[in-house]
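Here are the chains, one letter per residue:
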Amino acid sequence: MKKALLFINGEPPKEFPNLSDYELIACTDGAFHYLKELNFPLDKLDFISGDFDSHSNDEEILQSEVHGFEIIETPDQNKTDFHKAIEIILEKGFEDIDVYGASGGEQDHFLGNLSVAFFFKNKVNLRFFDNYSSYYFIPKEFSISDVKDKMISLMPFPIAKNIETKGLKWPLYKEDLILGERIGTRNIAENQEVSIKYKEGDLLIFVGEKSNAKAD
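Just so it is clear, the model here is predicted, and its values are computed rather than measured. Each residue is numbered by its place in its chain's sequence as written, counting from 1. Reporting of local features is limited, given that this is a predicted model, to residues whose pLDDT is at least 70; pairs of side-chain atoms are given and counted only at 80 or more, and all residues count toward the totals for whole chains, interfaces and linings. With hydrogens and water set aside, each side-chain value is computed from the structure's full complement of heavy atoms.

Asks: So what's going on with the overall build of the chain? Residues and values would help.
Replies: A run of DSSP states H or I qualifies as a helix once it reaches four residues; a run of E qualifies as a strand once it reaches two. Both are numbered from the N-terminal end. On a plain count of helices and strands, the chain comes out with 5 helices and 13 strands. Exposed residues in this analysis have more than 50% of their type's maximum accessible area, buried residues have under 20%, and partly exposed residues fall in between, with area computed by a 1.4 Å probe over protein chains only. Across the 216 residues that make up the chain, the buried fraction comes to 47%. Note on contacts: a residue pair is in contact if any heavy atoms of the two residues lie within 4.5 Å. In the chain, the share of contacts with a sequence separation of at least 24, taken over all contacts with a separation of at least 6, comes to 63%. About 11,700 Å² of surface is accessible on the chain, with carbon and sulfur atoms providing 46% of the total. Areas reported here follow the Shrake-Rupley algorithm with a probe of radius 1.4 Å; residue values treat only the protein chains shown as occluding.

Structure below.
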C-alpha cells in the first residue's frame, strides 16, 4: 500500500521520520512555518494546502517552483485544513497516512483532529505521531508487536463494548469502556505483542514510550 506523510499545524516533531518510507509528503500551510524553521528539506514536499492567509509575503511559497512542490488552495471554511488535506491525499490514491503535528497547542484543534480521524476511519488508515506517543482508531480485532513495557491507553469514542485484551498488565475480559464513566488509560504492555478485540463501538489506542506508570 502506498504511504503518505502529512504535517499539520500542532506541536512540531522533535525528530522527523524516515522520509524515504513515503511516496507522498505534504503539509498544511500552518505547518509550513515550522518545517522551514526546522530546516526540513522543502524539495521533498509534494504539496502544501490551505487558504494561505498568513503567507502573502512568504518567499519560500512564492518560490514554490524552485522547490518543486504544488500549492493547492482550499478556501472552504466548513472544513478544517486537516480534513481538506486528507481529501486531497485520498484523491491522489493514498489510503495509508502518517500524521505529525495533530496534538499540542490549542486543545480544541486536537479534539477537532480526532473528529476528522473518526470521520475518515473507514476510508483511510490514519495514524498520528507526536513527541510522546502514536495513536489511532483500531478495528474490532487488532494486534500490535514490539511494545513490551510501553504504555498502552484505550479510549472509547464514546463507547466500546465487550472488550478483551491479551498482553496488558491490567487486562480486560468482556468489559465495556464508556467516555465519562470508565476509560482504559495508562496500562502497560507485559508482552511484546498485545491483542485487543471488541464487539461494538469505536476504540482509540495510544502507544507511548516505556513507562513505570500505574493505571489510573
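Asks: Provide a residue-level description of the pattern of salt bridges, including the pertinent values.
Replies: For side chains of opposite charge, pairing can occur when their charged atoms come near one another. For this document, the term salt bridge refers to a Lys or Arg side-chain nitrogen within 4 Å of an Asp or Glu carboxyl oxygen. Applying the stated criterion across every chain yields a total of 6 salt bridges. Where lysine 79 meets glutamate 87, a salt bridge forms, and the shortest distance between an N and an O atom there is 2.7 Å. Taking relative accessible area as the criterion, lysine 79 reaches 32% and is therefore assigned partly exposed. Where lysine 84 meets aspartate 81, a salt bridge forms, and the shortest distance between an N and an O atom there is 3.5 Å. Residue lysine 84 and its partner aspartate 81 are both found in helix H4 (residues 81-91); the two are separated by 3 residues, about one turn of the helix. Judged by its relative accessible area of 6%, lysine 84 falls in the buried class. Owing to a relative accessible area of 24%, aspartate 81 belongs among the partly exposed residues under this scheme.

Asks: Help me get a handle on the nonpolar core, residues and values and all.
Replies: Only buried Ala, Val, Leu, Ile, Met, Phe, Trp, Tyr and Cys residues count toward a nonpolar core, and they belong to the same one when joined by side-chain atoms within 4.5 Å. The biggest cluster of nonpolar side chains holds 29 residues, and the ones touching the most others in it are Leu6, Phe82, Ile89, Ile97, Val99, Leu126 and Phe128. Breaking this core down by element, the ones donating at least two residues are strand S1 (3-7), strand S2 (24-28), H4, strand S5 (96-100), helix H5 (107-119), strand S6 (125-129), strand S7 (133-138) and strand S13 (200-210). Sorting elements by how many residues they give to this core places H4 first, with 5 residues. In this structure, Tyr136, Ile138, Ile152 and Leu203 belong to the second largest nonpolar core, which totals 19 residues.

Asks: Explain the packing of aromatic side chains to me, and be specific about the residues and the numbers.
Replies: Between rings of Phe, Tyr and Trp, where Trp is taken as its six-membered ring, a pair exists when centres lie within 6.5 Å; planes separated by under 30 degrees are stacked, by over 60 edge-to-face, and by other angles tilted. This model, assessed by the stated rule, comprises 15 aromatic pairs. Arranged with centres 5.3 Å apart and planes meeting at 15 degrees, the rings of tyrosine 100 and phenylalanine 129 form a pair that is stacked. Placement of tyrosine 100 in strand S5 and of phenylalanine 129 in strand S6 is noted, with a sequence separation of 29 residues between them. Accessibility expressed as a relative area gives 23% for phenylalanine 129, which makes it partly exposed. Geometrically, the ring pair formed by phenylalanine 110 and tyrosine 135 is edge-to-face, given 5.9 Å between the ring centres and 75 degrees between the ring planes. Taken together, the residues span a long stretch of sequence, with phenylalanine 110 in helix H5 and tyrosine 135 in strand S7 at a distance of 25 residues.

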